[in-house]
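A closer look at the structure
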Amino acid sequence: MTYSLGKDFLMGTATAALQIEGGDKNNNWYRWSEQGKIKDGSHSIRANDHFNRVEEDIALMKKMNNDTYRLGLEWSRIEPQPGQWDSKGLAHYRKELTLLNQAGIKPLVTLHHFSHPLWFEDMGGWEHPQSPEIFLRFTKTVVENLGDLASDWITINEPNVYALGSYVAGEWPPGKQSVPAYLRVLKNMIKGHILAYREIHRIRQYMGFAGKTMVGVANHIRVFDPEDSAGARLAARLMDRMFHQLAIRGMVEGKMLFPLGLGGHPLKKGFYMDFFGLNYYSRDIIGFKPTSFTTMFGEQKNDPELPKNDLGWDIYPQGIYRICKDYHQRYQVPIYITENGICDADDDQRPQYIYDHLEQVAKLREEGIPVERYYHWTLMDNFEWVEGESARFGLIHCDFETQQRTIRKSGRFYGDIAKQKAVTQDMVEKYLQD
Ligand code: IFM
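Our subject in this report is the structure included herewith. One numbering rule holds for all chains: residues counted from 1, following each sequence as written. Local features in this predicted model are restricted to residues whose pLDDT is 70 or higher, and side-chain atom pairs enter the listing and the counts only when it is 80 or higher, whereas totals over whole chains, interfaces and linings include all residues. Excluding hydrogens and water, the side-chain figures rest on all heavy atoms present in the structure.

1. Notes on the overall build of the protein
Looking only at helices and strands, the protein features 14 helices and 15 strands. Along the longest, intermediate and shortest principal axes, the C-alpha atoms of the protein span 60 × 55 × 45 Å. In this scheme, a residue with accessible area under 20% of its type's maximum is buried, one over 50% is exposed, and one in between is partly exposed, where area comes from a 1.4 Å probe on protein chains only. Counting over 434 residues, the protein shows a buried share of 61%. Partitioning the intrachain contacts of the protein with sequence separation of at least 6 by distance along the chain shows that 75% fall at a separation of at least 24. Here the Shrake-Rupley method, with its probe set to 1.4 Å, supplies the accessible areas, and only the displayed protein chains count as covering residues. Summed over all atoms, the accessible surface of the protein reaches about 16400 Å², with 51% contributed by carbon and sulfur. His is not counted, nor are the chain ends; Lys and Arg add positive charge and Asp and Glu add negative charge. Think of each charge as sitting on NZ of Lys, CZ of Arg, CG of Asp or CD of Glu. Of the charged side chains in the protein, 52 are positive and 57 negative; the average position of the first set lies 6 Å away from that of the second. A run of H or I in DSSP becomes a helix once it reaches four residues, and a run of E becomes a strand once it reaches two; helices and strands are each numbered from the N terminus. Contact definition: two residues touch when any of their heavy atoms are within 4.5 Å.

2. Observations concerning the site of the ligand
Think of it this way: one heavy atom of a residue within 4 Å of a molecule or strand is enough to make that residue near it. Residues in close proximity to the ligand include Gln19, His113, Phe114, Asn157, Glu158, Tyr281, Trp313, Glu339, Trp377, Glu384, Trp385 and Phe393, which together make up its full environment. Contacts described as polar in this section are N or O atom pairs within 3.5 Å, which, within protein, must combine one atom able to donate a hydrogen with one able to accept it, while residues neighboring in sequence count only if both atoms come from side chains. Within the side chain of Glu384, an N or O atom sits 2.6 Å from an oxygen atom of the ligand. Protein contacts shield 95% of the accessible area of the ligand, which totals 280 Å² for the unbound molecule. Only Asp, Glu, Lys and Arg are considered charged in this grouping, and only Ala, Val, Leu, Ile, Met, Phe, Trp, Tyr, Cys and Pro are considered nonpolar; every other residue, Gly among them, is considered polar. Looking at the shell around the ligand residue by residue, the classes come out as six nonpolar, three polar and three charged.

3. Re the packing of aromatic side chains
For any pair of aromatic rings, the description rests on two quantities: the centre-to-centre distance and the angle between the ring planes. Stacked, edge-to-face and tilted labels apply to pairs of Phe, Tyr and Trp rings (six-membered ring for Trp) whose centres lie within 6.5 Å, assigned for plane angles under 30 degrees, over 60, and everything in between, in that order. Per the stated rule, a full pass over the model turns up 28 aromatic pairs. Each ring, one from Trp29 and one from Phe383, has its centre 6.4 Å from the other, and the planes form 75°; the classification is edge-to-face. Taken together, the positions of Trp29 in helix 2 (residues 28-34) and Phe383 in the loop between strand 12 (371-376) and strand 13 (396-399) put the pair 354 residues apart, joining distant regions of the chain. A residue is classified by how much of its surface remains accessible, and Trp29, at 1% relative accessible area, is buried. When the centroid spacing of 6.2 Å and the interplanar angle of 90° are considered together, the rings of Tyr281 and Phe393 count as edge-to-face. Here Phe393 lies in the loop between strand 12 and strand 13 and Tyr281 lies in the loop between strand 8 (276-279) and strand 9 (283-287), a separation of 112 residues in the sequence. For the pair Tyr281 and Phe393, one class covers both residues: buried. Definition used: whenever NZ (Lys) or CZ (Arg) falls within 6 Å of the ring centre and also within 35 degrees of the ring normal, the charge is taken to sit over that ring. The positively charged end of Arg283 is found above the aromatic ring belonging to Tyr316, 4.1 Å away from the centroid. One cation-aromatic arrangement involves Arg330 over Tyr327; the distance from NZ or CZ to the ring centre is 4.5 Å.

4. Quick notes on the pairing of strand 8
Neither face of strand 8 is exposed, since Phe276 and Leu278 on one face and Gly277 and Asn279 on the opposite face are all buried. The pairing of strand 6 (residues 214-220) with strand 8 spans three bridges and is parallel. Paired with His220 across the strands is Asn279, a residue of strand 8. Relative to strand 11 (residues 335-339), strand 8 runs parallel, the two sharing four bridges. For Gly277, the partnering residue across the bridge sits in strand 11 and is Tyr336. Should DSSP find at least two bridges between two strands, the strands are taken to pair.

5. Quick word on the environment of Asn302
Among the secondary structure elements, Asn302 is positioned in the loop between strand 10 (299-301) and helix 11 (318-331). Given the relative accessible area of 43%, Asn302 is considered partly exposed. Sequence separation between Asn302 and Ala422 is 120 residues; the distance between their C-alpha atoms is 32 Å. Leave out the neighbours within four places in its chain, and Asn302 touches Ile285, Lys308, Gly312, Trp313 and Asp314.

6. Section: the nonpolar core
Among soluble globular proteins, nonpolar side chains are generally buried collectively. Trp29, Phe276 and Leu358 are the most contacted members of the largest nonpolar core, which totals 138 residues. Once residues within four sequence positions are removed from consideration, Phe276 is found in contact with Asn219, Ile221, Ile248, Val252, Tyr327, Tyr331, Val333, Pro334, Ile335 and Tyr336. What we call a nonpolar core is a set of buried Ala, Val, Leu, Ile, Met, Phe, Trp, Tyr and Cys residues that are connected through their side-chain atoms within 4.5 Å.

7. Description of helix 3 (residues 54-63)
The set of residues buried in helix 3 consists of Val54, Asp57, Ile58, Leu60 and Met61. Buried residues of helix 3, viewed axially, fall in a sector of 155°; they line one side. Next to the buried residues of helix 3 lie strand 2 (10-14), strand 3 (68-72), helix 5 (87-102), strand 13 and strand 14 (404-407). Backbone geometry just downstream of helix 3 places Asn65 in the positive-phi region, at approximately 55°. Of all possible arcs, the one meant is that of the directions from the helix axis to the C-beta atoms.

8. Structural notes on the sheet that holds strand 9
If you trace the three strands from one edge of the open sheet to the other, you get 7-9-10, paired in mixed fashion. Single-partner strands in this sheet number two, and they are strand 7 (223-226) and strand 10. Adjacent strand axes in the sheet meet at a mean angle of 40° when their direction is disregarded. Most of the contacts of helix 10 (residues 230-253) go to strand 7, to which it runs at about 165°, and overall it touches strand 7, strand 9 and strand 10. Throughout, an axis means a line fitted to C-alpha atoms (over the contacting stretch in the case of helices), and angles, computed between N-to-C directions, take values from 0 to 180 degrees.

9. What about the pairing of strand 5 (residues 152-157)?
The two faces of a sheet get side chains in turn, since along a regular strand they alternate between them. Along strand 5, six of the six residues are buried, which leaves the element largely enclosed by surrounding structure. As defined by bridge partners, strand 4 (residues 106-112) adjoins strand 5 across four bridges and the pair is classed as parallel. Bridging across to strand 5, Leu108 finds its partner in Asp152. Two elements, strand 5 and strand 6, share four bridges in a ladder whose sense is parallel. Among the inter-strand pairings, Ile154 is bridged to a residue of strand 6, identified as Gly216.

10. Describing the pattern of salt bridges
A pair is scored as a salt bridge if a Lys or Arg side-chain nitrogen falls within 4 Å of a carboxyl oxygen belonging to Asp or Glu. On inspection of all chains with the given rule, the structure shows 36 salt bridges. When the shortest N-O distance is used, the salt bridge between Lys39 and Glu387 registers 2.8 Å. Residue Lys39 is located in the loop between helix 2 and helix 3, and its partner Glu387 is located in the loop between strand 12 and strand 13; the two are separated by 348 residues in the primary sequence. Its relative accessible area of 23% is what places Glu387 among the partly exposed residues. Connected through salt bridges with shared partners, the residues Asp49, Arg53, Glu56, Asp57 and Arg405 form a single ionic network.

11. Quick notes on the sheet that holds strand 5
The sheet built from eight strands closes into a barrel, its strands ordered 2-3-4-5-6-8-11-12 with parallel pairing. Within the sheet, the average angular offset between the axes of one strand and its neighbour, ignoring direction, is 25°. Taken strand by strand, helix 12 (residues 350-366) contacts strand 2 and strand 12, and its axis lies near 170° from that of strand 12.

Function-wise, these values are silent; they only describe arrangement.
Written out as structure tokens, the structure reads:
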């Protein structure tokens, strides 16, 4: 029942700027909210008002014994117009990073997490051939101004989920449904990552931090287990390639798998990942149904035997173990679980979810797999993209009307684990009795 994670294990929480800050009108999700595309009618302009409550929220992280915190930067606050830099935006993030460092919480900074300025969206966003260089320009300014305050960087969050939601499912801005556009976006994001990877290292090196910089990507990885048929096995392989490998092999190795390689690739093959960032939520059973647009590569199904979260996603803790093992074998770099969490408004599943997933992590660490960090998604209930404010993933409950934050039972449990780097018998009795 009890287990230990080891004193050197870092635990924290993860957020994204757009999902918590509120108040910014110059980004793609503001317009999408204005257009009434959010299912519950909520709006990204509100979120958690974190932009004005940084101190309060850092105090909550401290209370939950966070060693580290993954935060995003809102690009449009830093570069509101192409090539124009907002010193107030940069100063805001300098202050936030300084406060985190003073609190003894190590920042991990994400440069692109699904949101970007309207001018970038309107020129074609990540579909535009110049988008990698435009992202590089943003990265350069950010790291020149903030690079002394953070050693650890994520260039892009979940490129596969972004490209799929925005360019195939069409549920996210700009709402396209086109596989060629998906491929263009992935290819540009890969280039953008590689350029940013090199640039972050270059700048931190001349700042005097050679050898002390960690750069990676937050890869969203699911387990795809096929149904028992040849067609389903083929579909699962195809889904793995289309959803995982195109982005991962491109970003880690600079390898453009077919069909991304068509049209050439000016950047060299190499190794562009200092840690393997892994966002894990769920597993899909894959069926074979090539007859419709949404299932042409494979049909994603639930496993009726497994418990579900509030959004109907299967809860499958063994997946985190399987994925970490697999990617460690492939790449042999430290693994950071950059996201893992559950949508659970009444918090009756989250304590067990945390226990079960961290148990798998403890097992991995015992076996010598270098899972060095775990970031729970997420610090507090926030703006969950098209689901809006109704999908609640937080260790902290947020009343969006009053902005009152209340640490949930799961948050207290997580804080106790983070303090002891272990689950003790006392904790099991206190938090998991039901
Ligand atoms: O809220 C998102 C996050 O922005 C990216 N990964 C998955 C989370 C839960 O859906």
